[in-house]
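Notes for the structure review
Here are the chains, one letter per residue:
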Amino acid sequence: MAKMKGRVTLPSEGNFLEETKEMMERWGADALRDSDGTKLPEEIKELDASIYTTYFVARGHNEFAREHMEECQQLYLMSRRVTAVGDKVEIPFMEGYFDQQVVPDYVHDCKTWWEVMDRTAGEAVSPDHWIVDMERNTVTVTHAREFHEYTLSFLVFAVWDPTQMYNHITNNWGDKPHEIPFDVRQDASGRYARDYLVQWLKDNPRTDVVRFTTFFYHFTLVFNDKAKEKFVDWFGYGATVSVKALEEFEQEYGYRLRPEDIVDNGYYNSTFRIPTRQYLDYMDFIQRFVAKKAKELVELVHEAGREAMMFLGDNWIGTEPYGKYFPEIGLDAVVGSVGGGATLRLISDIPGVRYTEGRFLPYFFPDTFYEGNDPCPEAMENWLCARRALMRKPVDRIGYGGYLSLAYKFPAFVDYIEKVTDEFREIYDRIGGTRPYCGLKVAVLNCWGKLRSWQAFMVAHALWYKQTYSYFGLLESLSGASVEVVFLSFDHIREKGIPEDVQVIINAGAAGTAFSGGEVWQDQEIAAAVRRFVYNGGGFVGIGEPSAVNFGGRYFQMADVLGVDKELGFGLSTDKYFTSAKEHHFLKEDRMSPFDFGEGVRDVYALSEDTEIVEFSQGEIHASAHKYGRGRGVYLAGLPYSYDNTRLLIRSLYYSAGQEDRMKIWYADNPLCEVHAYPETGQYAVVNNSQNLQTTLIYDGGGKAREVRLEGGQILWEKI
């Protein structure tokens, strides 16, 4: 049988021609790309492959940038908090920031665009009561109130692109120039970005795919004075700010944004924050601008007969691939980094492009590929985790990034990725473009809704955090589950109601965050709409602190639906008698290990004897269910990602919807295995998600069971 080829992109570099040919053959690659810090030589470009060339719109053009330093990109930063011990206080506002990345903006009037805040009072200080020392980078506040905390919100110019800075430091690039980011909203920079691309397309005739990395504005990434990351928000709009943008916003919206609207008490409008109306307006303002300007560049690429691809990272802010303006850009493709199932679905579900591509881990960088280290375990974990999501909605291509010469030194890794690429092509050839069987339609409810599909709970693009893993497991579990997933915002419910075809609503997250909803649950219309939905037969699954806000004598506003609430100390005088967990319950079945709720939530108790307590320990409830009208509420204290917890979630969804009898359709009773059916093509797949031999009962579309044995990682394909 001839080796399959295609749908795989490899990085390459200079002085690596023969090895590149070998790797193309072994991994079946049909496309080659450069990486940050490498260029493809002509001999590589002549190979039988599509050539991707990384294109930086707003960085890597230092000759122009140095001549227009007043058009550098800008950010609002907040100084550290300083306590006044007298009637004057000095704020050294650059303290803790890296002066090779950012420098204060003394071009524009500080008294107009900066803001001193009395954080203790929550008030802005009159500009008449503070003085800037440009030599020492300090602000002195006069008429200060003793023992109040003060901060300065100030504008800076970004003089070093943060991704290039990270790569520069990680790879020890020495005296390689620091790339200066410029702002295409500015007149000269906007013209330059367009004119340069026109000439670049002429100068690069062998480029087939222009890989925009990305367009104009980097996600918020600020380094400290030790050249370490200080603040990272992969969703942050901080680097889009400029005096010109603020002036144009005011002209269009009729009101002026304050520095505090961007600085946000030092949270910088983190994606975990419930967004203000001002910030939502500003995001919309930036998205429209980015879509318009990006469309101009994409049209130039198409006129030159090339494809336009966007990297979902680096300078991606304003593109929001699930936003209403994204389709207007006209891109051919999106490529993004795959850290697991949720990040794969984040890419593969993107509408409005011809194809999607996932860049798999590990990245071929020396922090992983060094003597004595084995990159295979990371690659195996990444593949098996992402493969669950591929079985539901595959990306159209996969690829890798970094230095191929590093990966080449690890034969076992090369062997493993050869198997991965072959398996990916088989999966895609069998199911690409088809709709898998979905037993339920579930909606994840939060403040962001569709705009941030598959992006809830993410910090720095899905890094592990103690405060988030108990919630992010929800998305990871859903990414490969046999259910249809949509993302619903509170605004959608307020304006249009709950979609009629949704069968289960999931609300998860810590109290007060955009994902749980916080004070949004005080909206009577939203609370009543969700109650009505469940009462009429829908399901509601709450994880962590769902609907949590202390209001009206409740903490969980959906406590009546869930049958549980959290004790804040105010109700300690009221006895709580309901503590007995059921010995047998639908949610308990199939478990291979004890319950794991991660960080969990303390002091959750049952409201009445009608609450079905599934897990009770340490004097509190961690899993329960409750009938509410014709529907049910299910409560889980947390859901770290695991195969057991994926099964717990599936059971919770079917139980809350009152459809337990329909769960064992295209189903495996072993939680380490899953069944994915594709009625359009008349086939189904039984997947072993572990690396060990597994035996499982599988249930077909009629609920008929049979036993199968699967080798570690095996996919068994069968006809329906």
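Below: a short report on this structure. Keep in mind that this is a model prediction, so the values were computed, not measured.

Criteria and thresholds
- Residues numbered from 1 in each chain as written.
- Predicted model: local features only at pLDDT ≥ 70, side-chain atom pairs only at ≥ 80, totals over all residues.
- Heavy atoms only, no water.
- Helix = DSSP H or I, 4+ residues; strand = E, 2+ residues; numbered from the N terminus.
- Contact = heavy atoms within 4.5 Å.
- Phe/Tyr/Trp six-rings, centres within 6.5 Å; stacked < 30°, edge-to-face > 60°.
- Buried < 20%, exposed > 50% of the residue type's maximum accessible area, 1.4 Å probe, protein only.
- Axes fitted to C-alpha atoms, helices over the stretch in contact; angles between N-to-C directions.
- Parallel < 35°, antiparallel > 145°, perpendicular 65-115°, else oblique.
- Nonpolar A, V, L, I, M, F, W, Y, C, P; charged D, E, K, R; others polar.

Take the environment of leucine 152 next. Among the structural elements, leucine 152 can be located in strand S12 (residues 149-158). Leucine 152 sits 71 residues away from arginine 81 along the chain, and the two C-alpha atoms are 8.4 Å apart. In this structure, leucine 152 is in contact with Leu77, Met78, Ser79, Ile91, Phe93, Trp114, Glu115, Val116 and Val139, ignoring residues within four places of it in sequence.

This part takes up the packing of aromatic side chains. Taken as a whole, this structure holds 54 aromatic pairs when the rule is applied. Ring plane angle 40° and centroid distance 6.5 Å describe the contact between tyrosine 55 and tyrosine 196, whose orientation is recorded as tilted. In this pair, tyrosine 55 sits in strand S3 (residues 50-55) while tyrosine 196 sits in helix H6 (residues 187-203), placing the two residues 141 residues apart along the sequence. Residue classification places tyrosine 196 among the partly exposed positions, given a relative accessible area of 32%. Aromatic pair phenylalanine 212 and phenylalanine 215: ring centres 4.8 Å apart, planes at 25°, arrangement stacked. The buried category is assigned to phenylalanine 215, whose relative accessible area is 1%. Connected via pairs of aromatic rings, a cluster forms that spans Tyr55, Phe64, Phe182, Tyr192, Tyr196, Trp200, Phe212, Phe215, Phe216 and Tyr217.

Comment: phi is negative for the bulk of residues other than glycine, and the bulk of peptide bonds are trans. Note that the residue after threonine 213, namely threonine 214, is joined by a cis bond; omega there is -20°. Mapped onto the elements of the fold, threonine 214 is located in the loop between strand S13 (209-212) and strand S14 (220-223). The amide bond that connects leucine 361 to the next residue, proline 362, takes the cis arrangement and shows omega of 5°. Tracing the backbone shows proline 362 in the loop between strand S18 (355-360) and helix H11 (376-390). Positive phi, close to 65°, is recorded for phenylalanine 457, a residue that is not glycine.

Bringing the packing of H11 against helix H13 (residues 411-431) into the picture now. Between H11 and H13, whose axes approach to 11 Å, the crossing angle comes to 5°. What the angle tells us is that H11 and H13 run roughly parallel. Judged by residue contacts, Cys376, Ala379, Met380, Trp383, Arg387 and Leu390 of H11 engage Ala412, Phe413, Tyr416, Ile417, Val420, Glu423, Phe424, Ile427 and Ile431 from H13. For the contact of H11 with H13, the residue count by class is 13 nonpolar, no polar and 2 charged.

This is a description of form; function is not addressed.
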